[in-house]
Every structure is written in structure tokens, then in C-alpha cells.
Amino acid sequence: MLSAYANSLKIPDLRRRIFFTLAIIALCRVAANIPCPGINPKALEAYFSQEGGPGAGLLGMFDLFTGGALQRFAVGTLGIMPYITASIIMQLLMPVIPPLEKMMREEGEAGRRKYNQYTRYLTLVVCVMHGFGASKLMSNPAFFGAGGVDSAVIKSGPWFTISTIIILTGGTMLLVWLGEQITDRGIGNGISLIIMVNIISRLPAALMGVFKLVRSGGTSGNLIQALILMAIFFVVCGATVALTQGVRKIPVRHAQRMVGRRMTSGHTSYLPLRVNFAGVMPIIFGSAILVFPRMIFGAMDFTRGWVRYVTPGHWLYIAIFAVVIILFSYFWVATQFNPIQIADNLQKQSGYVPGIRPGQPTADFLDMTMTRITFAGSIFLTVIAILPMLLAGTFDQLDPEVSAFFGGTSLLIMVGVMLDTMRQVEAFLLSNRYDGFLSKGQLRSRRGV
């Protein structure tokens, strides 16, 4: 594996892409550390202290995805989340608006460019809405359920709201553009890499939290808790890799057919059905949905006592969060997975699933199979999502930022993005007759090619 990293720098095109990606990522981190004007740092720190730290509370996961930009109320406070929200909305609208689906699947590269342009326009709208909400959060934290916290704005008013919306919108659109540059001219998926780097930027703080846990009180119990936490981290990391890579292979046989004057022989291939077809989207969607109850309860005096029931860590919040993740996993599969189209494509290619008749029976079989593996994937995804809250409630004196980093959504994103980036790097290595990252298995046999 170490030789593979060294060989990555020997290929001029790959080396140029890697250094370009690193330079763009450095610019993204700068945007997460330049504070917006008009903010009182002490009042902002008081707000996050009441929320339980930067890794806890209503905005904990949002702050994790932005690499601490929200905690500083930096230019990159909104991060890539508006673009992700716009992408989710566009994908959910595809089954409802047929021209969108036709644009992506039938119009080729021109259709995809037009689709991406519409996504950027929607991102701009979402940025304005999020920027307005962020300005109100800084001006009146009590509206979001943070009672007893003063305004974090030095001088609030219409000018602060307008300037904040412009600055945060510009920061997000800049990050989106930088992410697209990484995808086109760098290595890996730019948007995903920016999110992953923002999460990794919290690693020093998480390690410091583990160190404080070991030192606090000097008891052996804290040391045992730290060891258990690290063991859970490695177990969850391995399980996350299994969830990300897990597929159900459906055998597909292709009959003999005439191509020109030649008869092609029949062969067997596999149709991979991903166990975690929805990825991390159900977790993001569930977190976004559960933001609104707390905002509504915090806005009215007679309902502010109910805010604790929809606060991360409460058993009712965990139960609702789990149900939303499972339901949205099925909803995502229902809107994005089309068994009828897959069955039609197999029939056109003279392919069939052994023991299943082509056409509608094949579509029913694929739909039933996907429903079963989605249940297993959604349950595992739910466990990963609620793990940080369970860790924070189980271990005494555990910093919420530690539990947010060492378990849950952050691991799922980091593992998925790293595996995807390593696949692209390995493709460059193999195409230039170098060994990949695997020292054993089929890729090793390509050395003599």
C-alpha cells in the first residue's frame, strides 16, 4: 500500500490532480475561518456553551459538516449543505416532473449540464433562505429555543441581515464552484471531499476530548471508558465499510445472439443491488426535518417547555429520528430505484434472472429483493445515526464533539468518500501499469500485464 502512495506521485497527470485538489481544499478551509462582520465572539461562544458544545445540540451536525465554520460564524458557515439540499430536492422532483428525468437520462451531456445549472439556481434560493435563518439565529437565539442567551450581533438590523445573506450566499457558491473544479480537474468528488475534510478538521478536538477524558479525575474508570470508545470506533469503522461496500449480487444470464455475422456466446454477469442504496441522505433529511419542531416550540412561550423533547439525546427525539431514517430510506429507494426499467433493459439485452420470467416477474423480484435489503440497510444506518447520542448518554464526562466524530454520520461520510477517492487513484495506477492499493487478490495479478 505504501508503494502505491509513492507511485501516485510518479504519474504526472495524477500528481498534478492531487496537488490541485490539496490546494483547493486549503482555500476551502480558509473560508471556514474568516468570521463574518458584526458578530460578538463572546456571545456566540455563550450560545454554543449552552447548546452543550460545538458537537451537540440542534446545530451540532451542521457545524460538523462545515468544519467549525458555524461556531465562528465564518464566511463558509452554510458550507455545502445548501447545495446538498438542492440536489436532494431535484432528485426527488425527477419522478414528479418527467422533463427533468428525460433531461438526465436521454439528453446526454447537454441535458446533464442543464440539470446541474438548475441545481445551482435552486442552491442560490436555498442559500438565501438559510442565510436569513442564520442571521435571525445570531440576532435572536431565543427564537430557536436557546433561552437566556443574548444576541450575538453587535448591532442588529436590516443591514446586518442583508449583508449576512450576501456574504454567506457568496461563500457557499464559492465552495460549490471550488468543489466542481476538484471534480473536473482534481481527484475524487469535490463536494464530498470538502465535507470530508471539514469533518476531519475536527479530529484534533476529538482526540483532545479523549485525552481529557483519560486525565479527568485520574481514575482507571475514565481510562477504561476511553479504551472502550476507541474499540467502538474501530468496530463501527469496519461495519461502516461493510455497509458502504455491501451489495446483493443478482445473477443475470445472457442468451446467445447474432451481432452482425457473428454469434456471441452466452455469459453470466451480476446485477449489484446496494444494501445502503440511499447513502447518508436519510440521516441528513431526518436531521433537517427535526429542526422545525424545536424552532416552532421555541418561538412560543407556552410551548418552550416542550423543546427538551425534541432535543438530540432525548429518548423521544431518538425514536422519531430512527423512524424518519427508516421511512426516508424506503422513500429514496422508491423514487430512485426503478425495477421496471431495469427489467426492460435486461430483456432488451437478452438477459434474464435464472428461475424468473422476463418482464414484470423480473421487476417484481427485483422490487421484493430491494425491499428486503433496504430494511437491513436502514436498520444499520439508524444504529450509526443514533450512536453518537447513545455514546454521549452512556459515557460520563464525554465531550459531545468526541461522540459526534467517533461514531455516526461522520464515519459514514469519511469512509464512503475515501473509498471512492482511492478507487479513482487506483484506476490511474492500474492504467499506468502500477500496482494498486491491494497487495493480495485479483489486482495483484495485473503486475505482469
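Everything here concerns the structure above.
These figures come from a predicted structure and were not determined experimentally. All residue numbers refer to position in the chain's written sequence, counted from 1. Reporting of local features is limited, given that this is a predicted model, to residues whose pLDDT is at least 70; pairs of side-chain atoms are given and counted only at 80 or more, and all residues count toward the totals for whole chains, interfaces and linings. The basis for the side-chain values is all heavy atoms of the structure; hydrogens and waters are excluded.

> Explain the overall build of the chain to me, please; I cannot follow it from the model alone.
For helices the rule is a DSSP run of H or I covering at least 4 residues; for strands it is a run of E covering at least 2, with both sets numbered from the N terminus onward. For the chain, the helix and strand inventory stands at 19 helices and five strands. Contacts between residues were defined by any pair of non-hydrogen atoms, one from each residue, lying within 4.5 Å. A separation threshold of at least 6 residues defines the contact pool for the chain, and within that pool the share at least 24 residues apart is 71%. Accessible areas in this description were obtained via Shrake-Rupley with a 1.4 Å probe; residue shielding takes into account the shown protein chains only. As displayed, the chain offers around 23,000 Å² of accessible surface, 64% of which is attributable to carbon and sulfur atoms.

> Where do I start with the nonpolar core in this structure?
Most often, soluble globular proteins keep nonpolar side chains buried together rather than apart. Here, the term nonpolar core denotes a set of buried Ala, Val, Leu, Ile, Met, Phe, Trp, Tyr and Cys residues that are joined through side-chain atoms within 4.5 Å. Only protein chains enter the accessibility calculation, which uses a 1.4 Å probe. A residue is then buried if its area is under 20% of the maximum for its type, exposed if over 50%, and partly exposed in between. Ranked by size, the top nonpolar core spans 50 residues in total, and within it Ile80, Ile84, Ile283 and Phe321 carry the most contacts. Looking at this core element by element, the count peaks at seven residues for helix α10 (residues 190-200). Not counting the four nearest positions on each side in its chain, Ile80 is found in contact with Leu175, Val176, Ile191, Ile194 and Ile195. Formed by 13 residues, the second largest nonpolar core is a distinct cluster that contains Ile39, Leu78, Val153 and Phe160.

> Sorry, what's going on with the packing of helix α2 (residues 12-31) against α10 here?
Packed helices, taken two at a time, are described by the angle between their axes plus the distance between the axes. Only C-alpha atoms enter the line fits that serve as axes; for helices the fit covers just the stretch in contact. Angles between N-to-C directions range over 0 to 180 degrees. Closest axis-to-axis distance for the α2/α10 pair is 10 Å, and the angle between their directions is 60°. When the axes of α2 and α10 are compared, the pair comes out oblique. Between α2 and α10 lies a crossing whose hand is right-handed. In this structure, α2 uses Thr21, Ile25, Cys28 and Arg29 to contact α10, whose residues at the interface are Leu193, Ile194, Val197 and Asn198. For classification purposes, angles smaller than 35 degrees are called roughly parallel, those larger than 145 roughly antiparallel, those between 65 and 115 roughly perpendicular, and all remaining angles oblique. The hand of a helix crossing depends on one turn: near helix anticlockwise from the far one by less than a right angle means left-handed, and clockwise means right-handed.

> Honestly, a nonpolar patch on the surface in this entry has me stumped. Any pointers?
Patches in this entry comprise residues that are over 30% relatively accessible and not in a salt bridge; like charges within 9 Å are linked, as are nonpolar side chains (Val, Leu, Ile, Met, Phe, Trp, Tyr) within 5 Å. Whenever Lys or Arg places a side-chain nitrogen within 4 Å of a carboxyl oxygen from Asp or Glu, that contact is recorded as a salt bridge. Together, Ile89, Leu93, Val96 and Ile97 make up a nonpolar patch on the protein surface, roughly 300 Å² of accessible area in all. With respect to the element layout, Ile97 can be found in the loop between α6 (81-93) and α7 (98-105).

> How should I be thinking about the packing of α7 against helix α8 (residues 108-139) in this particular structure?
At their nearest, the axes of α7 and α8 sit 6 Å apart, and the two run at 130° to each other. Taken together, the axis directions place α7 and α8 in an arrangement best described as oblique. Here Leu100, Met103 and Met104 of α7 lie close against α8, whose contacting residues are Gly108, Gly111, Arg112, Lys114, Tyr115 and Tyr118.

> Looking at this structure, I do not really get α10. What am I missing?
The α-helix winds at 3.6 residues per turn, so residues separated by three or four positions along the chain end up facing the same way. Counting buried residues in α10 gives nine out of 11 residues, a clear majority hidden from the surface. For α10, the set of buried residues is Gly190, Ile191, Leu193, Ile194, Ile195, Met196, Val197, Asn198 and Ile199. Here a polar contact is recorded for every N or O atom pair within 3.5 Å, except that within protein the pair must consist of a potential hydrogen donor and a potential acceptor, and residues adjacent in sequence are included only if both atoms are side-chain atoms. One side-chain oxygen at the N-terminal end of α10 lies 3.3 Å from the backbone nitrogen of Ile191; it belongs to Asn189.

> Would you explain the side chain of Asn276 in this entry?
Positionally, Asn276 belongs in the loop between β4 (267-274) and α13 (281-289). When its relative accessible area of 6% is taken as the criterion, Asn276 is described as buried. Among all residues touching Asn276, those that are not within four sequence positions of it are Leu243, Leu381 and Leu412.

> Would you take a moment to explain the pairing of strand β1 (residues 247-254) for this structure?
Each regular strand displays side chains that alternate between the two surfaces of the sheet. Pairing between β1 and β4: eight bridges, direction antiparallel. Each residue of the ladder has a partner; that of His254, found in β4, is His267. Two strands qualify as a pair provided that DSSP identifies no fewer than 2 bridges between them. Pairing geometry for β1 and strand β5 (residues 351-352), over two bridges, is antiparallel. Directly across from His254, in β5, lies its bridge partner Gly351.

> Please clarify how unusual backbone geometry should be interpreted in this entry.
It is generally the case that most residues other than glycine have a negative phi and that most peptide bonds are trans. In the Ramachandran plot, Phe73 falls in the positive-phi region, its phi being about 50° despite a non-glycine side chain. Secondary-structure assignment places Phe73 in the loop between α5 (69-72) and α6.

> Could you clarify how one ought to interpret the pattern of salt bridges in this entry?
Any two side chains of opposite charge can pair, given that their charged atoms come close. A complete count under the given rule lists three salt bridges for this structure. When the shortest N-O distance is used, the salt bridge between Arg16 and Asp13 registers 2.9 Å. A residue pair is termed a helical-turn pair when its members lie 3 or 4 positions apart in one helix, as Arg16 and Asp13 do in helix α2 at three residues. Arg16 gets classed as exposed once you look at its relative accessible area, which sits at 53%. We note a salt bridge from Asp13 to Arg17, for which the minimum N-O separation is 3.6 Å.

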